[in-house]
Amino acid sequence: MPSSLSSSVSSRSESPDTRATTPSTSSESLHLPASYAAISASQFTPDNVHSIFAEHASYDRIGLLIGEHTVSGEDWHTRDLPDTSKYIVSSTYQPPDLLCTKPVICTDPVQASRYLLFSFVSLRLIFSVHITDKSTLYILERPAFVYPPLKYTIASSLAPSADGTSGNIPTLDDWKTLWATWDLITLQMIPPSMLHQKPIDLRHKCLFYIGHIPTFLDMLISKSVGGEPTEPKYFWNIFERGIDPHVDDPDHCHNHSEVPEKDEDWPTLEAIIGFRNGVRARLQHLYEELAAGKRTLTRNIARTLVMTFEHEGFHIETLLYMLIQRACTGTLPPPGFTPPPWEELAAQWVSLPSPSTSTVVVGPACVTLGQEDSEADDKLPHLSETGVQGHTFGWDNESPARQVQVGAFRAEWRPVTNGEFERFWRGPGKGRVQAPKSWVVDDHGAVQVRTMYGLVLMHVAEHWPVLTSYDDLDQYAHFKGGRLPTEAELRLFLDLYDVGHEGGANVGFRNWHPVPATMGLKEYAGKGSNGGVWEWTSTTFDTHEGLVPTELFSGYSTDFFDTKHQVSLGASYATIPRLAGRRTVRNFYQHNYPYPWIGARVVYDL
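Residues numbered from 1 in each chain as written. Predicted model: local features only at pLDDT ≥ 70, side-chain atom pairs only at ≥ 80, totals over all residues. Heavy atoms only, no water.

## Some thoughts on the domain arrangement of the protein chain
Here is the rule we go by: These domain boundaries are the output of an automatic or database domain assignment.
The domain architecture assigned to the protein chain consists of domain 1 (36-141), domain 2 (150-325) and domain 3 (342-420 + 460-605). The gap between the C-alpha centroids of domain 1 and domain 2 is 38 Å.

## Things to note about the layout of surface pockets
So the rule is basically this: Each cavity reported here is a set of points on a 1 Å grid over the protein atoms alone in which a 1.4 Å probe fits but cannot get out, each pocket an open set with protein on both sides within 12 Å along at least five of seven lines, and each lining residue one with an atom within 4 Å of a point. Grid points are joined across faces, edges and corners, and a volume is the space filled by probe spheres set on the points. Only runs of H or I of at least four residues qualify as helices and only runs of E of at least two qualify as strands under DSSP, and these elements are numbered from the N terminus. Put simply, Ala, Val, Leu, Ile, Met, Phe, Trp, Tyr, Cys and Pro go in the nonpolar bin, Asp, Glu, Lys and Arg in the charged bin, and everything else, Gly too, in the polar bin.
Of the volumes computed, that of the largest pocket is approximately 750 Å³. In terms of lining, the largest pocket is formed by 38 residues, of which the most central are L150, A580, G581, R582 and R583. For the lining of the largest pocket, the leading source of residues is helix α4 (residues 150-155), giving four residues. Each of domain 2 (150-325) and domain 3 (342-420 + 460-605) contributes no fewer than three residues to the lining of the largest pocket. Of the volumes computed, that of the second largest pocket is approximately 460 Å³. Taken together, 21 residues form the lining of the second largest pocket, with S354, P355, R414, T417 and E420 sitting closest to its centre. A breakdown of the residues in the lining of the second largest pocket according to their chemical character gives twelve nonpolar, four polar and five charged.

## A few points about the pattern of salt bridges
Using the following cut-off: Criterion for a salt bridge: a side-chain nitrogen of Lys or Arg within 4 Å of a carboxyl oxygen of Asp or Glu. Accessibility here uses a 1.4 Å probe with only protein chains present; expressed as a share of the type maximum, an area under 20% marks a residue as buried, one over 50% as exposed, and anything in between as partly exposed.
With the rule as written, the count across this model stands at 23 salt bridges. Put simply, R282 and D218 hold a salt bridge, and the shortest N to O gap is 2.7 Å. Taken together, the positions of R282 in helix α8 (residues 269-292) and D218 in helix α6 (residues 206-225) put the pair 64 residues apart, joining distant regions of the chain. One exposure class covers both R282 and D218, and it is buried. Ionic pairing is found between E551 and K379, a salt bridge with its closest N-O pair at 3.1 Å. With E551 in the loop between β15 (534-540) and β16 (565-570) and K379 in the loop between β9 (365-369) and α11 (381-384), this residue pair connects regions lying 172 residues apart in the sequence.

## Some details on unusual backbone geometry
Following E231, the chain continues to P232 via a peptide bond in cis, the omega torsion being -5°. With respect to the element layout, P232 can be found in the loop between α6 and α7 (235-239). Backbone torsion omega between S399 and P400 reads -5°, so that peptide bond is classified as cis. On the secondary structure map, P400 appears in the loop between α11 and β10 (402-406). The residue C328 is not glycine, and still its phi comes out positive at about 65°.

## Some thoughts on the pairing of strand β4 (residues 86-90)
Stated formally: A strand pair is defined by DSSP finding two or more bridges across the two strands.
Examined bridge by bridge, strand β1 (residues 36-39) and β4 share three bridges and lie antiparallel to one another. The residue of β4 that forms the bridge with A37 is V89. Of the pairings in the sheet, the one linking strand β3 (residues 77-80) to β4 comprises four bridges and is antiparallel in character. For T78, the partnering residue across the bridge sits in β4 and is I88.

As structure tokens, then:
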């Protein structure tokens, strides 16, 4: 289950995979499994699914039919389940034409609960389809890592609440899953030829980030519990902090590390990996001390563990939106994750139901922004050791809790799509907005969309949320007669209608690409997913009353109170569930920065 997954992936080879992969757009990309099993809905339990996969999966893949089945015949054979019931299995079953079957809505509560169970037993869904009204086929794989349900993570925290509903200190198993993600990206998706390259000019070369993550962790452990830096000590000078220069004035940048100018003056990858291993061993030793009672879990230590864990989670996404700019021209696809069956998925996406109305009236309401979690309280004697149990730690800009009155407004159910923005870009917005950096426009003007597997045609991605800058989406909103929402307005909308990771949303690497949004359907009271993107707000990132700047990560927020950054909310498909699941998390990017995985929805005044 989740803990055994962490153990297995942490022992995988760390040598880079330099094999080229070409994304397939034919039905052959589905890679239908050699084995199929069929069970009833009442038999759908973690133990049963785990047992069936372990017994029958071929090449870490299986087809699982759940429901009332129409399959029968000599090709199906009866087997026993751990709960003493029966199931049937076949190695010759041929599913119906998957281009002509009914699509599955991932945020349907029944489907969402099944996706959670799959993730709990370390499986990932490649493709699902309704075979009949009462039977659904799931094609499953065991990839290099899977994020377990957030409820499991919270309940497993080092200091959960009594009922296991709060407390977000990561366990060592949580770290191992995060490390499996980071190592897959940095050591198997970045070939050696790219280590000294900058996929984005406004960021460091790839090698910097491989050194930055363990350096940040090492520095904050030392700040929190003392001790000497992990050798080599001089890595602190090179890898402490990255860069985020102003887009319109790259010479203007916050304080950051001075890095070598020549490639040959940088540490080798082998040296950085050795340092990384030493830092990870240091962290594991800290956990061992906490478990043995040799060290007390204080708020300061707890905050350090949360902050360093989430810092690595944020950088996973940052590095990926850099690497996608070179997908299949350098960057390798994620190994161990089956390439998406684009044509089958496109056929499903085009037939997904649309809302009966494009907009919904939201508010008026009083919205609570933020939470009560001041870093200054960590030093209070009565809270230092006792104020840890069940406490949710966050970043300085999340606190304190504050009330904001929001008037009534009308909101689009779904974010602006690639198809909608392309029509604007070619028509009314021509010359006013740029082609998104998530697109590639060829010499004939045809648009393809970037994925980690390479480019896909617009007909595949036309219903995905478009990923582009605040400025250009603001132009689109005004063309539509609306505007982009404030932070409080978007927070209210998401509180009402976003189902999150637990509800089947496209976050936490369920996919390595966006999907169409599912919000606005009456049968689910409008609840759904925005497709797996952060969303821009019109709120400028700035200080607020009661904010206490962090001392653990000096300048994390305050360096960007520069009037150039906009608040964004939500989560992308590559946001770890721990970040995606805390409603007070605020992201922020420059208004004209076009690379992050951020879209927007249009709202209208009433």
